[in-house]
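The lines below spell out each chain.
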Amino acid sequence: MMILDKLADSTRKRVEACKKKISLEQLKRQAAEKENKQAFLFEKMLKTKDISFICEVKKASPSKGIIAEDFPYLQIAKDYEKAGATAISVLTEPECFLGSDVYLQEIAQAVDIPVLRKDFTVDEYQIYEAYLLGASAVLLICALLSVEQLLRFRTIADELGISCLVEAHDKDEIEKALAAKARIIGVNNRDLRDFTVNINNSIRMREYVPDDIIFVSESGIKTAQDIEALRQHNVQAALIGETFMRSTDKVTALAELFGKIQVPKIKFCGIKSQADVAIINKVEPDYIGFILAPSKRQITVELARQLKDKLKPQIKTVGVFVDEALENVITAIKTIQLDVVQLHGNETEEYIEELRQNTAVDIWKAVRVKNIREIEKWQNSGADKLLFDTYRPAVAGGTGEVFDWSVLENCQRPFVLAGGLSSKNIVKAVRRLSPWAVDINSTVETDGNKDSEKINEIMAIMERLR
Ligand SMILES: O=C(O)c1ccccc1NCC(=O)[C@H](O)[C@H](O)COP(=O)(O)O
């Protein structure tokens, strides 16, 4: 019997045993009661310009045996998220892959990125289970399912708001996936009959999948050259297990596979004490920001001057103002010896122009992003840089919340990215948007003060991207 048939058999038995504990009807009722706050997140996140990474958490496999003796699955998942993974695939098959539903459930709760349940789906029961465990997607393998089953399972998943990664190995299976109206097709580079792996399989199969369907290359991807070849063939995502499972430093491993990027300048905003300055001097970011506008982080011009005195001279200072009278801004620039003025209110082009006439500092205009029109409106601004931040009514800045980055994908000007950037999302943001600089504030604070561990973590992550 082939491995796939064995796995399907044992999965059917497993599902029957589960049904005795909780019936399908009960499971359906539970699913109906659960609110899906992030419908189809898995496929939404895979729709990016450059290649995405689906990183796999797996302890063992039939072809390789035990891959990870030590298996801190939650830490692995968190490391993948920091490394910039777009999604995480979690093996739940218990016999050959030594997976568990518990891994999936805990991981889905611990990370903000979508999680795929990697199992051998042979029964609709497993789709409801996956949804209840917190999965954002399930795997449907063409070699195991008829077109009718694929269609039915995909329809159930659609009703629940979760995605299906429909896996094929050859042209016939791709046709089956297309007949089942798959929106995401994964081509497996591993031949499950003899376990041989050849990443050219997905490259060969690329032409059979229309461009409006997300194409995922699965298995055996090891090197930056592999990723570059997939990129050249317009592959949207790479699903990688063993290579990442065997790497001790996921951030560096993913950075090496992704290839060189332009690492942005780094600004930490809301510096307000000598203790903050001491932390900053140790890590030497490119910029720091003093909030000189009403905020829980506001400091006086005089305190900013004193802090600047203690700051290493190579670190540039940004004064953040909100609709401040021009003469006060000019006085602050001179007193503190600011390098940059960040206008974070409703300042106009005329205001920017007048400021330009009166000072030599760089001017950054903060745009709090409500929609894409906001981005377009400021494209011809006279400001030196635009800084895009999250819009929240009645909050000028420092929200700690992320906005929808898709509006920035066609931005023509170099920009500063702000809004809820953290060690969890900064790599993904940098790869996806190539900002000129990143601005981090709330997420590196603990109890209202800058936290050296959190700042060090961001700096260490960015260092590994170089
Ligand atoms: O941070 C503030 O308290 C603030 C108040 C008023 C105007 C601007 C403010 N911050 C400006 C920044 O440059 C922040 O770094 C930016 O908004 C991002 O903040 P966060 O989302 O907390 O990382």
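Residues numbered from 1 in each chain as written. Predicted model: local features only at pLDDT ≥ 70, side-chain atom pairs only at ≥ 80, totals over all residues. Heavy atoms only, no water.

Before going further, it helps to spend a moment on helix 2 (residues 24-33). Along helix 2, the positions that sit buried rather than exposed are Leu24, Leu27 and Ala31. Buried residues along helix 2 cover an arc of 60° about the axis, so they all sit on one side. For helix 2, the exposed residues set more than 90 degrees away from the buried face come down to Ala32 and Glu33. (Buried < 20%, exposed > 50% of the residue type's maximum accessible area, 1.4 Å probe, protein only. Helix = DSSP H or I, 4+ residues; strand = E, 2+ residues; numbered from the N terminus. Arc of directions from axis to C-beta.)

Moving on: the side chain of Glu173. Within the fold, Glu173 resides in helix 8 (residues 171-179). The charged side chain of Glu173 is buried without a salt bridge, its nearest counter-charge being Lys176 at 6.2 Å. Filtering out sequence-adjacent residues up to four positions away, Glu173 remains in contact with Cys142, Ala143, Glu167 and Ala168. (Lys, Arg positive; Asp, Glu negative; His and termini not counted. Salt bridge = Lys/Arg side-chain N within 4 Å of Asp/Glu carboxyl O. Contact = heavy atoms within 4.5 Å.)

This part is about helix 12 (residues 250-258). When you tally the buried positions in helix 12, you get 7 out of 9 residues, the bulk of the element. Within the span of helix 12, buried status applies to Lys250, Val251, Ala253, Leu254, Ala255, Leu257 and Phe258. Its side-chain oxygen placed 3.2 Å from the backbone nitrogen of Val251, Asp249 serves as the N-cap of helix 12. Two residues or fewer after helix 12 comes Gly259, characterised by a positive phi angle close to 100°. (Polar contact = N/O pair within 3.5 Å; in protein donor to acceptor, adjacent residues only side chain to side chain.)

It is worth spelling out the UniProt feature "domain: N-(5'phosphoribosyl) anthranilate isomerase (PRAI)" (unreviewed entry) in the chain at this point. As annotated in UniProt, the feature "domain: N-(5'phosphoribosyl) anthranilate isomerase (PRAI)" (unreviewed entry) corresponds to residues 267-459 in the numbering used here. Along residues 267-459, the helical share is 33% and the strand share 22%, with 11 Å between the first and last C-alpha atoms. (UniProt positions renumbered as here; feature names shortened; annotations may be inferred.)

Our next topic: the pattern of salt bridges. Using the criterion set out here, one finds 37 salt bridges in the structure. Across the pair Asp384 and Arg356 runs a salt bridge, and its minimum N-O distance is 3.0 Å. You can see Asp384 sitting in the loop between helix 17 (372-377) and strand 16 (385-390) and its partner Arg356 sitting in helix 16 (residues 349-358), a full 28 residues away along the chain. Residue Asp384 is classed as partly exposed on the basis of its relative accessible area, which comes to 28%.

This brings us to the nonpolar core. Core analysis: the largest hydrophobic core is formed by 157 residues, its most contacted members being Phe53, Ile107, Phe290, Leu355, Phe388, Leu408 and Ile426. Counting contributing residues, this core receives three or more from each of domain 1 (19-27 + 35-258) and domain 2 (265-465). With residues near it in sequence (within four places) discarded, Ile107 still touches Val57, Tyr73, Leu74, Ala77, Ile88, Val90 and Val115. Counting residues in each nonpolar core, the second largest holds 12 residues, with Val320, Trp364, Ala366 and Ala418 among its members. (Core = buried A, V, L, I, M, F, W, Y, C linked by side-chain atoms within 4.5 Å. Domains from an automatic or database assignment.)

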